[in-house]
Every structure is written in structure tokens, then in C-alpha cells.
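Report on the structure
This is what each chain is made of:
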Amino acid sequence: HRVENGAMLNIIADTKTEFVKAKKVGLNIDEAVSLLNKSRDNLQRGNFPEAVKFAKESRALVEKSLEKHRDIQYPVQECVKVIRLAEALGADVQDLEGKLAVAKQLYRHSQLEQSATHFHELLDLARKTAYGKAAESYELAEKSLTLARKTVGDVPEAEEKLRVARELLEKDELAKSVSM
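Cut-offs applied
Residues numbered from 1 in each chain as written. Predicted model: local features only at pLDDT ≥ 70, side-chain atom pairs only at ≥ 80, totals over all residues. Heavy atoms only, no water. Helix = DSSP H or I, 4+ residues; strand = E, 2+ residues; numbered from the N terminus. 1 Å grid on protein atoms, 1.4 Å probe; cavity = no way out; pocket = protein on both sides within 12 Å on 5 of 7 lines; lining within 4 Å. Points joined across faces, edges and corners; volume = space filled by probe spheres on them. Nonpolar A, V, L, I, M, F, W, Y, C, P; charged D, E, K, R; others polar. Core = buried A, V, L, I, M, F, W, Y, C linked by side-chain atoms within 4.5 Å. Buried < 20%, exposed > 50% of the residue type's maximum accessible area, 1.4 Å probe, protein only. Contact = heavy atoms within 4.5 Å.

The next point concerns the environment of Pro-156. Along the chain, the position of Pro-156 falls in helix H6 (residues 156-170). Sequence spacing of Pro-156 and Asn-42 is 114 residues, and the spatial spacing of their C-alpha atoms is 80 Å.

Right, here's the structure in full:
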């Protein structure tokens, strides 16, 4: 029994490390805690196979939640960045901000799959909004260049900047495109 208890304590100790990580990032781990309590109860009754089973299920549940959390981190950060870009380009981002708040609320309530879907959809919408504003800026610059050609003739430096802006726009380097 000593070897079994020692192995079980190692499993629980490893699981505790994952629990601490999950709690630190604000994940709901109530179900995993319940499984770990079942594991402890079975260990106290001497039912080692059931204790190991529940401990492993508990750890797997926490690891899955942490993995989903990591998968969401990039879209969250990217959403905020693209919304700020769209705002800097002159877009009305009130609707995007509202959708961001909903996605964050889902995330805080550990509805990770729903929040991931919201973040991905929001990221798509924010990119389209930012691209639309950048395209508007490009069109205005193009009209200004046409007017300049009619007024003063060739303007090679401006034409080159507009060409580079177009290439940047096509590469989705929106901020650089607009700054040209």
C-alpha cells in the first residue's frame, strides 16, 4: 500500500500544480475539484484503482481547460489590437467594444468554447472594419493624387507613396498603408 499511496500522492501533487495555474487565470475548476475529492475519498477507503481514475480525470479536465485558455489568448489580444487600429483609423468601434465585452464575459464565466467562437467572429469583424477604413483612406489619397495631377502635372513622389500604400493595404498592413 505504501507504493500505491506514494504514487497517488505524486498524481495529486502534480494535479495541484495544474489547479493553481487554472485558478490563477480565473478558470472555473469546481468539477475538477469534485473529482479530486472523489479520488481522495477512494484513497482513504483503500480503493486505489478508483482513486487513480478520479485523480487522472480531474487532471485531464484541468489540463483541457488550461489548453482552451491558451488557445483563446491570441484571439483576445489580437481583437483588442485590431479594434484599437480600427478606432485609430476613424471607425466607430462602439459595436465592436460591445461584442468584445460579451466575449470577455463568456470567458470569465468559463464558457471557453462559446467565448472562443465570439472572439474569432469579433476578430474577423474588427479586421473587416479596420480594412474598410484603411481602404477609404487609400481612396481619398487616390482622389487627391488625381486632383494633383490635373492641377500641377506629374507628382512622382506621391505616386510612389500611393503605390507602396496599395501594396501594404493588400498585405493587410493597414496602419503602415494609411501612414503612407
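Take the layout of surface pockets next. A probe matching the size of a water molecule, rolled over the atoms, marks out where space remains unfilled. The space that makes up the largest pocket amounts to roughly 250 Å³. If you trace the largest pocket, you find 14 residues lining it, with Asn-28, Glu-31, Leu-61, Ser-65 and Ser-110 closest to the centre. Secondary structure elements with two or more residues in the lining of the largest pocket: helix H2 (30-44), helix H3 (48-88) and helix H5 (112-152). The greatest single-element share of the lining of the largest pocket, amounting to five residues, is contributed by H3. Here the residues of the lining of the largest pocket are counted per class, giving six nonpolar, three polar and five charged. Reported here for the second largest pocket is a volume of approximately 200 Å³. Those elements that place two or more of their residues in the lining of the second largest pocket are H3 and H5.

Okay, the nonpolar core next. Ranked by internal contacts, the top residues of the largest apolar core, which has 38 residues, are Ile-29, Val-62, Ile-72, Ile-83 and Phe-119. Where this core is concerned, the elements lending two or more residues are helix H1 (2-24), H2, H3, helix H4 (94-108), H5 and H6. A per-element tally of this core places H5 first, with eleven residues. Discounting chain neighbours no more than four positions away, the residues touching Ile-29 are Phe-19, Ala-22, Lys-23 and Val-62.

The next point concerns the environment of Thr-117. If you trace the backbone, Thr-117 turns up in helix H5. Linking Thr-117 and Val-155, residues 38 residues apart in sequence, is a C-alpha distance of 47 Å.

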